[in-house]
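Working through the structure, step by step
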Amino acid sequence: MTSPLPRAPFRWGRSLLAQVSVTMLTATVTIGLVAVAVSAHIVRDQRHADLLRRAELVAATQADALSGAVWELDSRSVQSTIDALLARDPAIRDIAVYEVTRPTPLARASATAATDSSPTLRIDRPVVRRDRDGRSETVGRLDIVYSTAEEWQATLDALVPVVGLLLLSLLGAIGLLGMTLNRIILRPLRRLTHLARAMARGDYGARIDSARADEIGVLAHSFNRMAETVQDHTQTLETRVQERTEALAATNRAIMDSINYAQLIQSSILPSDDSLSDGLRDHTVLWRPRDVVSGDFYLYRPTATGFVIAVADCTGHGVPGAFMTMTASAMLNNALDALGAEDPAAVLAAVDAKVRTTLNQDGEARTLAQRFDNGLDLALCHVVPAEGRLTYAGARIPLLIVGRDGVTELRADRDSLGYRRLSTAAQTPCFTNRSVTLDASQSVFIATDGLTDQNGGEFGRRFGKQRLRDLLTQDPDRPLDAIKATLEDDLDRFQAGRGQRDDITLLGFRVRFASPAP
């Protein structure tokens, strides 16, 4: 099942509506500022022209009114006239009347209370006297200074309503456009995003209305077609996966049934616990196949004078190893039937010859099947309880005798059974019999290399022979099943969840003597 994708948190600063709104607001504010600046320039030019016309008109009127007084040099009358003019017009900052022949003013009035620093406008008008005959004569000069502060005030007064109306219009346009954009574009996009997330979670039946004929409608139609295609492919794939899964499960069940049945067959060639108990005073077996079936096997056969015990490790594990165990067990029993158990080395040599002959390993490998190199390691011992004697021969599997004085190892020969020889001079391996005398306090152990080669621990190292010896010598008089339980616990802790590398077999026994121990 597909796990739902985490939904990204909504953030206003990342939404499309916010980005469009910011863009529109920036554009409209910029356009509005430019429009206001242009309007302010136009209005100020108009107010400046009005102020200039008014100043020229005032100057012309006052120049005519002051002509008589200036000609008569009546400074008092001139002063009262310009004072009255200064009081009537607050835009005037300074008025000066000059005689035509003198640089100093005849009269002057200034608005001393004015504190504004606005630019000024100067009007210089000649004072002309006309007599009754129509002749004119310039008798003086009128100089008036106007402040332009009222231009800015008049401009602001004129622009405030315009700016307010423009601002309201822009806000209204932004709101209307935002609502329209949200309804036409953003809402369908949010719906499309929600359906895409639902599809990502595995809901392939999600669809969106695609009745519109614009770009959003085309996108919705494409999404619906994609969803239908994905749903169809997913359903087809799920059907095929289910069919393949069922087929694989059936095949796996058949294979496992066959392997489990093979395990029953393999177990049938192993000696039963009752048969071991009949011939031995005490015994224990640790048999752990790496897979269901094993490439290891062990054998117990009573003889006329005692019994035979063998432990074998065949090439491979699992099903190939199990085939080899069946073949090797049959060959070993056949050799024992033919040669008897008194000479284990001769039995090993006979098994070696039979394996190489059966698997066509003596001549040149001509086919692919003949190129596979197989064989086994084998430890074989014959025990005569009446004499307290054990005769052992081994092919790469040693035998350990554990007593109160420690561990005695009977080393195996270095040759295995079977396998192709590297040279013709080594065609016939030589195996050696080793005989020892046992007493009632001693235990005999035979183990395959799957136990000592198992890796584990902190650094993944081998279990090792020394660790095995230490475990076997801890209170060697204990029952063998107790020694096996301690060994299994230590092996499990050492393995610490790592996979088993090879089949593991350990067989331990104590001899039941027919008379007091020699």
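It should be emphasised that the depicted structure is a prediction, and the values quoted were computed from it without experimental measurement.

1. Some words on the packing of aromatic side chains
According to the stated counting rule, one finds three aromatic pairs in the structure shown. Relative to F307, the ring of Y300 lies with its centre 5.5 Å away and its plane at 40 degrees, an arrangement referred to as tilted. Residue F307 is classed as buried on the basis of its relative accessible area, which comes to 2%. Centre to centre, the rings of F463 and F494 are 5.4 Å apart; their planes meet at 85 degrees, and the pair counts as edge-to-face. With F463 in the loop between β16 (461–462) and α10 (465–472) and F494 in helix α11 (residues 480–495), this residue pair connects regions lying 31 residues apart in the sequence. With relative accessibility at 8%, the residue F494 sits in the buried group. An aromatic cluster of at least three residues, connected via ring pairs, comprises Y300, F307 and F509. We note R141 situated over the ring of Y98; from NZ or CZ to the ring centre the distance is 4.2 Å. Here R467 stacks its cationic end above the ring of F463, 5.3 Å away from the centre of that ring.

2. Remarks on helix α3 (residues 149–200)
Of all the bends in α3, the largest measures some 45 degrees and sits at N182. Where α3 terminates, the next one or two residues include G202, which has phi positive at roughly 110 degrees.

3. Observations concerning the pattern of salt bridges
Applying the stated criterion across every chain, the model contains 18 salt bridges. Measuring nitrogen to oxygen at the nearest pair gives 2.6 Å for the salt bridge that ties R122 to D143. With R122 in strand β3 (residues 120–130) and D143 in strand β4 (residues 136–147), the pair connects residues that are 21 residues apart, well separated along the chain. What makes R122 exposed here is its relative accessible area of 53%.

4. Quick notes on the sheet that holds strand β2 (residues 105–110)
With antiparallel pairing, the four strands of this open sheet are ordered in space as β2-β1-β4-β3. Looking along the sheet, the strands with just one partner apiece sit at the ends: β2 and β3. The average angle at which neighbouring strand axes cross in this sheet is 15 degrees, direction not considered. Bridge count for β3 against β4 is eleven bridges, and the pairing is antiparallel. Looking across to β4, one finds that V128 is bridged to T138. Each of β1 (92–99), β2 and β4 is contacted by helix α2 (residues 75–88), which is oriented at about 25 degrees to β2, the strand it contacts most.

5. Let's talk about the sheet that holds strand β14 (residues 443–447)
Where strands meet in a sheet, backbone hydrogen bonds hold them as pairs that are either parallel or antiparallel. Spatially, β5-β17-β14-β10-β11 is the arrangement adopted by the five strands of the open sheet, whose pairing is antiparallel. The sheet is open, and its two edges are formed by β5 (280–288) and β11 (406–410), each paired on a single side. Going across the sheet, the axis of each strand differs from the next one's by a mean of 20 degrees, ignoring polarity. Of the strand pairs in this sheet, strand β10 (residues 399–403) and β11 are connected by five bridges, and their pairing is antiparallel. Note that in β11 the partner of V402 across the bridge is V407. Contacting β5, β14 and β17 (504–511), α11 crosses the sheet at an angle of about 20 degrees to β5.

6. Details of the confidence of the model for the chain
Looking at the chain, pLDDT values average 85 and 91% of them are 70 or higher. Below pLDDT 50 for its whole length, residues 1–10 participates in eight contacts with residues either more than four positions away or in separate chains.

7. Regarding the environment of D503
Relative to the elements of secondary structure, D503 occurs in the loop between α11 and β17. Looking at D503, the relative accessible area reads 0%, which means it is buried. Along the sequence, D503 and L336 sit 167 residues apart, while their C-alpha atoms lie 25 Å from each other. Contacts of D503, omitting those with residues within four sequence positions, involve R288, P289, R290, D291, V293, S294, G295, D296, G316, H317, T448 and G450. A distance of 2.6 Å separates the side chain of D503 from the backbone nitrogen of R290, its partner in a polar contact.

8. Quick notes on a negative patch on the surface
Side chains of D273, D274, D278 and D481 sit close together on the surface and give a patch of like negative charge. Take the negative patch: its biggest share by element is three residues, from helix α5 (residues 273–279). Take D481: its relative accessible area is 49%, and that puts it in the partly exposed class.

9. Structural notes on the side chain of S294
Looking at the secondary structure, you find S294 in the loop between β5 and β6 (296–302). The exposure class assigned to S294 is buried, which follows from its relative accessible area of 1%. In terms of polar contacts, S294 uses its side chain to reach the backbone amide nitrogen of D296, at 2.9 Å. Ignoring sequence-local partners within four residues, the contact set of S294 consists of Q266, W287, P289, G318, G321, A322, T325 and D503.

10. Details of helix α6 (residues 318–339)
In this model α6 runs 31 Å from its N-terminal to its C-terminal C-alpha over 22 residues, within 8% of the 32 Å that 1.5 Å per residue would give. Among the residues of α6, G318, G321, A322, M324, T325, A328, S329, M331, L332, A335 and L336 are the ones counted as buried. Its buried side turned inward, α6 meets α4 (215–269), β6, β7 (307–314), α7 (344–358) and β8 (375–384). Directly beyond the C-terminal end of α6, a positive phi value near 85 degrees is found at G340.

11. Observations regarding the nonpolar core
I309, L332, L390, L399 and F509 are the most contacted members of the largest nonpolar core, which totals 53 residues. For this core, the leading source of residues is β7, giving seven residues. Sequence-distant contacts of I309, defined by excluding residues within four places in its chain, comprise L280, L299, Y300, A379, L380, C381, I446, L507 and F509. Membership of the second largest hydrophobic core comes to 26 residues, among which are A59, A63, A107 and I144.

12. Section: a nonpolar patch on the surface
Together, Y261, L264, I265 and M326 make up a nonpolar patch on the protein surface, roughly 400 Å² of accessible area in all. You can see M326 is positioned in helix α6. Judged by its relative accessible area of 31%, M326 falls in the partly exposed class.

13. A look at unusual backbone geometry
With a phi angle near 50 degrees, D475 is a residue other than glycine that sits in the positive phi range. Position of D475 relative to the elements: it lies in the loop between α10 and α11. Under the relative-accessibility criterion, D475 is labelled partly exposed at 47%. Unusually for a residue other than glycine, A496 sits at a positive phi of about 50 degrees.

Definitions and cut-offs
- Residues numbered from 1 in each chain as written.
- Predicted model: local features only at pLDDT ≥ 70, side-chain atom pairs only at ≥ 80, totals over all residues.
- Heavy atoms only, no water.
- Phe/Tyr/Trp six-rings, centres within 6.5 Å; stacked < 30°, edge-to-face > 60°.
- Buried < 20%, exposed > 50% of the residue type's maximum accessible area, 1.4 Å probe, protein only.
- Helix = DSSP H or I, 4+ residues; strand = E, 2+ residues; numbered from the N terminus.
- Lys NZ or Arg CZ within 6 Å of the ring centre and 35° of its normal.
- Bend = angle between axes of the 7 residues up to and from the residue.
- Salt bridge = Lys/Arg side-chain N within 4 Å of Asp/Glu carboxyl O.
- Pairing = 2+ DSSP bridges.
- Axes fitted to C-alpha atoms, helices over the stretch in contact; angles between N-to-C directions.
- Contact = heavy atoms within 4.5 Å.
- pLDDT = per-residue confidence, 0-100.
- Polar contact = N/O pair within 3.5 Å; in protein donor to acceptor, adjacent residues only side chain to side chain.
- Patch = residues over 30% accessible without salt bridge, like charges linked within 9 Å, V, L, I, M, F, W, Y side chains within 5 Å.
- Areas by Shrake-Rupley, 256 points an atom, 1.4 Å probe, with all protein chains shown as cover.
- Lys, Arg positive; Asp, Glu negative; His and termini not counted.
- Charge placed at Lys NZ, Arg CZ, Asp CG, Glu CD.
- Expected span 1.5 Å × (residues − 1).
- Core = buried A, V, L, I, M, F, W, Y, C linked by side-chain atoms within 4.5 Å.

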